[in-house]
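Coordinate inspection notes
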Amino acid sequence: MAERKLEVLKAFFPQSAARSFHVTCEVGDILIIEQEYDHGTMCKKNGVMCFLLEEEVYRYCRELS
């Protein structure tokens, strides 16, 4: 199965990073999708785990084909 990725279209600070670890998402960043949940998506940015809420994925990112 091919690796699924998200591209960041608008810079944002993930809400989950405020509680756990510091990750920012800048325009052009590529996030590798690890696991999808009903309320969000677990991704890796440069090897660092990052949880994006479903709203953040739809608002700031697009899936690469």
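Read on for an overview of the structure. Worth saying up front: this structure is predicted, and the values here are computed from it rather than measured.

**A few points about the pattern of salt bridges**
- Under the defined criterion, the tally for this structure stands at 6 salt bridges.
- Across the pair Glu3 and Lys5 runs a salt bridge whose closest N-O atoms are separated by 3.9 Å.
- On the basis of relative accessibility, which here comes to 29%, the residue Lys5 falls in the partly exposed class.
- With its nearest N and O atoms 2.7 Å apart, the salt bridge here joins Glu63 to Arg4. Within this pair, whereas Glu63 is found in strand S5 (residues 61-64), its partner Arg4 is found in the segment before strand S1 (5-8), the two being separated by 59 residues in sequence.
- Glu63 gets classed as partly exposed once you look at its relative accessible area, which sits at 41%.
- In this structure Arg4 comes out as partly exposed when scored by relative accessible area, which is 30%.
- Where salt bridges share partners, they join Arg4, Glu36 and Glu63 into one cluster.

What counts and what doesn't
Residues numbered from 1 in each chain as written. Predicted model: local features only at pLDDT ≥ 70, side-chain atom pairs only at ≥ 80, totals over all residues. Heavy atoms only, no water. Salt bridge = Lys/Arg side-chain N within 4 Å of Asp/Glu carboxyl O. Buried < 20%, exposed > 50% of the residue type's maximum accessible area, 1.4 Å probe, protein only. Helix = DSSP H or I, 4+ residues; strand = E, 2+ residues; numbered from the N terminus.

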